[in-house]
Amino acid sequence: MPELPEVETVRDGLARHVLGRTVVDVAVHRDYSVRRHDGGPRDFAARLTGRRLDAAVRRGKFLWLLLDEGAGRGDDALMAHLGMSGQLLVRGPAAATATPGTVADTPDDAPDGAPDPVAAPGPTGWVDHPHLRVRLALDDGSALDFVDQRTFGHLSVPDLVPTADGRPGGLGSDRPVVPGPVAHIARDLLDPALDRTALVDQVRRRRTGLKRALLDQTLVSGVGNIYADEGLWRARLHYARPTDTLRRPEVGRALDGAAEVMTAALAAGGTSFDALYVNVNGASGYFDRSLAVYGQEGRPCPRCGTPVRRDEFMNRSSYTCPRCQPRPRNGRW
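A quick note: this is a predicted structure, and the numbers were derived from the prediction, not measured. (Residues numbered from 1 in each chain as written. Predicted model: local features only at pLDDT ≥ 70, side-chain atom pairs only at ≥ 80, totals over all residues. Heavy atoms only, no water.)

## A word on the overall build of the protein chain
Counting its regular elements, the protein chain contains 6 helices and 12 strands. Scored against the burial criterion, the 333 residues of the protein chain give a buried share of 50%. A fraction of 65% describes how many contacts in the protein chain between residues 6 or more apart in sequence connect residues 24 or more apart. Working note: accessible area of the protein chain is about 14700 Å², and carbon and sulfur atoms make up 49% of it. (Helix = DSSP H or I, 4+ residues; strand = E, 2+ residues; numbered from the N terminus. Buried < 20%, exposed > 50% of the residue type's maximum accessible area, 1.4 Å probe, protein only. Contact = heavy atoms within 4.5 Å. Areas by Shrake-Rupley, 256 points an atom, 1.4 Å probe, with all protein chains shown as cover.)

## Details of the sheet that holds strand β5 (residues 86-91)
Strand pairing within a sheet occurs via backbone hydrogen bonds; the two strands may be parallel or antiparallel. In spatial order, the strands read β1-β6-β7-β5; together these 4 strands make up an open sheet with antiparallel pairing. Two strands in the sheet have a free side with no partner beyond their single neighbour: β1 (23-28) and β5. Shown here is a sheet whose adjacent strand axes are inclined to one another by a mean of 15°, direction ignored. Note: β5 against strand β7 (residues 143-148), 6 bridges, orientation antiparallel. Following the sheet pairing, G86 is matched in β7 by D148. (Pairing = 2+ DSSP bridges. Axes fitted to C-alpha atoms, helices over the stretch in contact; angles between N-to-C directions.)

## Here's the deal with the packing of aromatic side chains
In total, this model carries 2 aromatic pairs according to the counting rule given. With 5.4 Å between their ring centres and 75° between their planes, Y239 and F313 make a pair best called edge-to-face. Residue Y239 is found in the loop between α5 (225-235) and α6 (248-269), and its partner F313 is found in strand β11 (residues 309-313); the two are separated by 74 residues along the sequence. Neither residue differs from the other here; Y239 and F313 are each classed as buried. With a centroid separation of 5.2 Å and an interplanar angle of 65°, the aromatic rings of Y294 and Y319 are classed as edge-to-face. One end of the pair, Y294, is in the loop between α6 and β11; the other, Y319, is in strand β12 (residues 316-320), with 25 residues separating them in the sequence. Judged by relative accessible area, Y294 falls into the partly exposed class, the value being 24%. On the basis of relative accessibility, which here comes to 11%, the residue Y319 falls in the buried class. The lysine or arginine in question, R303, covers the ring of W233, its NZ or CZ lying 4.0 Å from the ring centre. (Phe/Tyr/Trp six-rings, centres within 6.5 Å; stacked < 30°, edge-to-face > 60°. Lys NZ or Arg CZ within 6 Å of the ring centre and 35° of its normal.)

## Some words on the environment of D145
In this structure, D145 sits in strand β7. Look at D145 and you get buried, because its relative accessible area is 1%. For D145 and H129, which are 16 residues apart along the polypeptide, the C-alpha to C-alpha distance reads 8.9 Å. Leaving out residues up to four positions away in the same chain, D145 has contacts with Q87, L88, L89, R91, L132, V134 and R135. Side-chain polar atoms of D145 contact the side chain of R135, separated by 2.7 Å. (Polar contact = N/O pair within 3.5 Å; in protein donor to acceptor, adjacent residues only side chain to side chain.)

## Concerning α5
Of all 11 residues in α5, 10 are buried; the element is thus mostly enclosed. When α5 is considered as a whole, its buried residues turn out to be N225, I226, Y227, A228, D229, E230, G231, L232, W233 and A235. Downstream of α5 by a residue or two, R236 has a phi angle that is positive, lying close to 60°.

## With respect to the sheet that holds strand β2 (residues 53-59)
The 4 strands are arranged β2-β3-β4-β8 in an open sheet whose pairing can be described as antiparallel. This sheet does not close on itself; its edge strands, each paired only once, are β2 and β8 (154-156). Neighbour-to-neighbour, the strand axes of the sheet open up by a mean angle of 20°, direction not taken into account. Taken together, the 6 bridges between β2 and strand β3 (residues 62-67) define a ladder with antiparallel strand orientation. Paired with R59 across the strands is F62, a residue of β3.

## Section: the pairing of β11
By the bridge criterion, 5 bridges tie β11 to β12 in an arrangement that is antiparallel. Bridge assignment links R309 to a residue of β12, and that residue is T320. Adjacent in sequence and paired antiparallel, β11 and β12 are bridged by 2 residues, among which M314 carries a positive phi angle near 50°.

## Considering helix α2 (residues 40-48)
Regarding α2, the residues found buried are G40, F44, A45 and L48. Summarising the axial view, the buried residues of α2 lie within an arc of 165°, below the 170-degree limit, and thus occupy one face. Residues of α2 that are exposed and point over 90 degrees away from its buried face: R42 and A46. Where the residues of α2 are buried, they touch β1, β3, β4 (77-81), β6 (132-138) and β8. Following α2 by one or two positions, G50 adopts a phi angle in the positive range, close to 85°. (Arc of directions from axis to C-beta.)

Here is the structure:
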C-alpha cells in the first residue's frame, strides 16, 4: 500500500495540475471502483459533474479534492483511497505525443511487481491505460483518470464534517473539515496542525509496544511498516519497547525519526508526478536505495556494521539492528 510520502507526492501533483478546473463529465468504467459511494455510480457522477476542484488535501494516507459549494451544492469532496495499486493520472494534450508501449495486457490478478502495460492510443489520441476505472473530463480538455490494476482502491464523494479540534482538516487546505470516513483518522507527523506535545503524552499513556503505537492510525496517521522501522532505527529504539516505559525525549526521538525519514522519502520522490503520470505502486519505490534496515536482513547496519535482524511482527516483518536497538528484557526496559 502507498505510504504517506507517495500519497503526498500525488496530492502535490494534483494541487499543481487540476485545481480550479471544473468536471464536465464522469465515466465510471468499473462500478467496483466506486463501491464505497453510497449512491452508486450514477449518483457519484451526478455529484461531480459541474463541480470545481478547489483544493487537494491529505491527512495521513487519505487524499481528497474539495469541491466548490456554489449554487446550493452540498459540502462534500472527492475522496480517493489508492489501495494497493491505485494511481491518479492527469491526462492532457501532451499525452498525445506519448509512444505506446508494447507490453501485453496484465490481468487484474497479476502478482505484485508485474509491469504496467500501456494500451494503444484511443480516439482522442491519448494513450489510455488498460486498467482505467474512472475518468473525470475537465473543462480545459484534460482528464483525471483513476487507474487501479488490482482494484483494492476506490473513489467516493462523501459529505464533509467538522474536525474534532477545529483546526484545518489536513495538509493543503485551511478549512476545518474532513470527509466523514476520515473523521476517526489522527493527524500525521507532517501536518502543521499536529499538537506534538499532546501526541507525546498520548503515546506514553498507551500500554503497548512502540511500533504498534506508531502504526495506530487513530493515534498518529501515515506511518506505515517501512517508515516505522526506518524511524525507529534512526531513534535507536526497539519496536517492542513498552510505551509506558518511555521518557518524553525518547518518544520525541521516535516521532522525529519517523518524520525525518518520511521527509527524506518525499524529497527523493517529489519529481515523480508530472502532467502525464504519477508512480504510486505501494512499494518504497524511489526511496528504497536509502533504506537502512527495512528489507536488509543479514546486511550490515550502516551505523555499526552489525547484521540487520528480521522478526515476525503483526503478520509482517520488523527489521532492527541488534546493537543500535537493543530488545527490551522480559517485555520491560
